[in-house]
Amino acid sequence: MNTHAAFFTRDRTANPWLDRMRELSPGIADRAARWDRERSYCWQNVAELSEAGLMGMTIPRRFGGGGATYLQVAEVVEEAARHCTLTARVLVEANMGGISAVMAYGTDAQRAFAAPIVLAGDKPAICISEPDAGSAATQMTTRADRRGDRWILNGRKHWITGGGVSKLYLIFARAFDEAGVELGIGGFLVHVDPANGIEPDGFKVVRLERTMGLCGMPEAELAFDNLEVPDDMVLRTRSGFEQGFKDLMTAYNSQRVGAGTIAMGVAAGAMDRAKQYIREREQFGRPLAEFQGLQWMIADMEALVHASRLMLFEAAHSAALSDTGFPDMTKAAQAKAFASENAIKVVNDALQMFGARGYGDLEPLERMYRDVRMFTIGGGTAQILKTQVAGSVLGIKTPQTRQGT
Ligand SMILES: Cc1cc2nc3c(=O)[nH]c(=O)nc-3n(C[C@H](O)[C@H](O)[C@H](O)COP(=O)(O)OP(=O)(O)OC[C@H]3O[C@@H](n4cnc5c(N)ncnc54)[C@H](O)[C@@H]3O)c2cc1C
């Protein structure tokens, strides 16, 4: 059976995690404005998600997780994102990305160490971006120098989602052996839990960004000043440091599907609200829904959300068919770029249908609009993702980095 057939014939009614998420949705929707207004992390939601087994759904059963597929997680993420973008982001990062990298490439000891932390409610942080290495991530300068059985990390990361609230940090750094010879880029796992006295020397949250949306999620600048990481906390793929970054980034394809799914879920939620509103609100003696100008907008919005969902869920499902266990890179990039760009349009159009009411904070539309804006930037910009897709469909290396490779 080819990818498409397998995807379309899957019985999508069997998703116990989605049922549990739906039970939590009303409370999560009620609290969504609060995290935004107070710029506070959604600890109450995290406790509920953890209790319901939604943190660490993808962790294999032998490590205490649920063994869920990425498609099942995507369905849960869409449901959460319809009500609270922040909660959906927590879900993505507790089930995709960093934790997936540990489960796929970590040693059994690393898996056994990380799993209970996530199951108890942690959303691991992935630390790649630096002030001078954004889209050109491999130009990072954070370094890790080998000293016996430890590595000494020095450098700075910024825009690290969850910095200060996360307990697990997967830090990417250039690794150097004892002789100072560069080995490649590796992933270093660091555990931080001040409430339980785990405060590694040399790990510092320097500052928090003041963001336009997703205001309850800390975006932090981190500094590492001779931060010691034991060698057994290095995430090594089979190809070692040389190809390590490339391998570890396969895990990031799951995070991209997750991020695109959040954008699509926010758009779906905004569209649902707009459909209800234009049926109820009357102008010129008729419900707004009877005006063709808005009907055609709704038709386009439906098509964009539907197309995004199909692309994203198919990308999520591609993980089940791949050797890596992660979504296909091209499908993930294409789906995230498409969904994130179109979600901005859909949420904007939904807000438009509310008129002035959409611009005020009596409705969640203005918050959703601010929230959804980030998904063409974080986790690989739309331009970089399209460059990847173009390279793949044209079968060429896209000569658009400084090195031209
Ligand atoms: C809310 C949020 C959360 C984030 N979370 C994390 C996180 O948890 N961990 C982490 O490591 N990073 C995180 N990031 C950082 C994110 O990955 C980077 O912002 C992103 O990779 C882009 O880098 P940059 O911002 O430096 O933009 P730049 O790379 O400077 O790009 C600026 C503009 O130029 C375009 N551009 C750059 N190169 C090209 C090219 N070759 N061709 C065409 N256009 C190009 C980009 O698309 C963009 O529009 C987050 C960012 C945001 C906004």
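## Considering the overall build of the protein chain
In terms of regular secondary structure, the protein chain is built from 13 helices and ten strands. By the compact-globule yardstick of 22 Å for 405 residues, the protein chain fits well, its C-alpha radius of gyration being 21 Å. Projecting the C-alpha coordinates of the protein chain onto the three principal axes gives extents of approximately 80 × 50 × 40 Å. Going through the 405 residues of the protein chain one by one, you find that 50% of them count as buried.

## Things to note about the packing of helix α8 (residues 240-280) against helix α12 (residues 365-372)
Remark: α8 packs on α12, axes separated minimally by 10 Å, with the N-to-C direction vectors making an angle of 160°. Comparing their axes, α12 and α8 come out roughly antiparallel. Helix-helix and strand crossings are classified by hand; for α8 and α12 the assignment is left-handed. Residues Ala 263, Val 266, Ala 267, Gly 269, Ala 270 and Arg 273 of α8 lie in contact with α12, whose contacting residues are Leu 365, Met 368, Asp 371 and Val 372.

## Side note on unusual backbone geometry
The phi dihedral of Arg 39 falls on the positive side, at around 50°, and the residue is not glycine. Inspection of the secondary structure puts Arg 39 in the loop between α2 (16-38) and α3 (43-51). Backbone geometry places Phe 284, a non-glycine residue, at a positive phi of 55°. Tracing the chain through its elements places Phe 284 in the loop between β9 (282-283) and β10 (286-287). For Phe 284, a count of 8 C-beta atoms within 10 Å puts it in the exposed group.

## Describing helix α5 (residues 85-95)
Where burial is concerned, most of α5 is hidden: eleven out of the eleven residues are buried. When we look at burial in α5, the residues that qualify are Thr 85, Leu 86, Thr 87, Ala 88, Arg 89, Val 90, Leu 91, Val 92, Glu 93, Ala 94 and Asn 95. Taken from the residues just after α5, Gly 97 is the one with a positive phi, measuring 65°.

## Digging into the nonpolar core
The biggest cluster of nonpolar side chains holds 123 residues, and the ones touching the most others in it are Phe 188, Ala 267 and Val 347. With 19 residues, α8 is the largest single contributor of residues to this core. Look past the residues within four positions of Val 347 in its chain and what remains in contact with it is Val 266, Ala 267, Ala 270, Met 368, Tyr 369 and Val 372.

## A few points about the site of the ligand
Near the ligand lie 21 residues; those nearest to it are Ile 128, Gly 134, Ser 135, Gly 378 and Thr 381. Classifying every residue of the shell around the ligand gives nine nonpolar, eleven polar and one charged.

## Details of the domain arrangement of the protein chain
Parsing the protein chain into structural domains produces domain 1 (3-119), domain 2 (125-241) and domain 3 (245-394). Every contact between the two is made by 26 residues of domain 1 and, on the other side, 31 residues of domain 3. Looking at the side of domain 1 that touches domain 3, the elements that each hand over two or more residues are α1 (3-9), α2, α4 (70-83), α5 and α6 (98-105).

## Here's the deal with the environment of Trp 35
With respect to the secondary-structure elements, Trp 35 resides in helix α2. You can call Trp 35 buried: it has 23 C-beta atoms within 10 Å. In this structure, the C-alpha to C-alpha distance between Trp 35 and Gly 65, residues 30 residues apart in sequence, is 28 Å. Discounting chain neighbours no more than four positions away, the residues touching Trp 35 are Ser 40, Cys 42, Leu 86 and Gly 216.

## Here's the deal with the packing of α6 against α8
Helices that pack against each other are described as a pair by the angle of their axes relative to one another and the distance between those axes. At a minimum axis separation of 8 Å, α6 and α8 run at an interaxial angle of 130°. The orientation of α6 with respect to α8, classified from their angle, is oblique. Remark: the crossing between α6 and α8 carries right-handed chirality. Contacts between α6 and α8 pair Ser 100, Ala 101, Ala 104 and Tyr 105 from the former with Asp 247, Leu 248, Ala 251 and Ser 254 from the latter.

## Notes on the pairing of strand β5 (residues 182-191)
Each regular strand displays side chains that alternate between the two surfaces of the sheet. Of the pairings in the sheet, the one linking strand β4 (residues 168-176) to β5 comprises nine bridges and is antiparallel in character. Paired with Leu 170 across the strands is Leu 189, a residue of β5. Once β4 ends, the chain turns through five residues before running back antiparallel as β5, passing Gly 180 with a positive phi of about 85°. Where β5 meets strand β8 (residues 234-235), two bridges bridge the pair, whose relative direction is antiparallel. Bridge pairing links Gly 187 to Leu 235 in β8.

Rules used in this analysis
In every chain, residue numbers begin from 1 and rise along the written sequence. Restriction of local features to residues with pLDDT of at least 70 applies here, the model being predicted, together with a cutoff of 80 or more for giving and counting side-chain atom pairs; totals for whole chains, interfaces and linings are based on all residues. In this text, helices come from DSSP runs of H or I with a minimum length of four residues, and strands from runs of E with a minimum of two, each type numbered from the N-terminal end. Computation of the radius of gyration draws on C-alpha atoms alone. For the globule rule, the value is 2.2 Å times the number of residues to the power 0.38. To sort residues by exposure, count the other C-beta atoms lying within 10 Å of each residue's C-beta; 20 or more gives buried, 12 or fewer gives exposed, and values between give partly exposed, all with C-beta atoms placed from the backbone. To obtain each axis, a line is fitted to C-alpha atoms, and for helices this fit is confined to the stretch in contact; angles are then taken between N-to-C directions over 0 to 180 degrees. We call two directions roughly parallel when the angle between them is under 35 degrees, roughly antiparallel when it is over 145, roughly perpendicular when it lies between 65 and 115, and oblique otherwise. Helix crossings are classified by the rotation of the near helix relative to the far one: an anticlockwise turn of less than a right angle makes the crossing left-handed, while a clockwise turn makes it right-handed. Our contact criterion uses C-beta atoms placed from the backbone: two residues qualify when those atoms are within 7 Å. For this analysis, nonpolar core means a set of buried Ala, Val, Leu, Ile, Met, Phe, Trp, Tyr and Cys residues linked through C-beta atoms within 7 Å. A residue counts as near a molecule or strand when its C-beta atom, positioned from the backbone, falls within 6 Å of it. Three residue categories are used. Nonpolar comprises Ala, Val, Leu, Ile, Met, Phe, Trp, Tyr, Cys and Pro, charged comprises Asp, Glu, Lys and Arg, and polar comprises the others, including Gly. An automatic or database domain assignment supplies the residue ranges for each domain. Two strands pair if DSSP finds at least two bridges between them.

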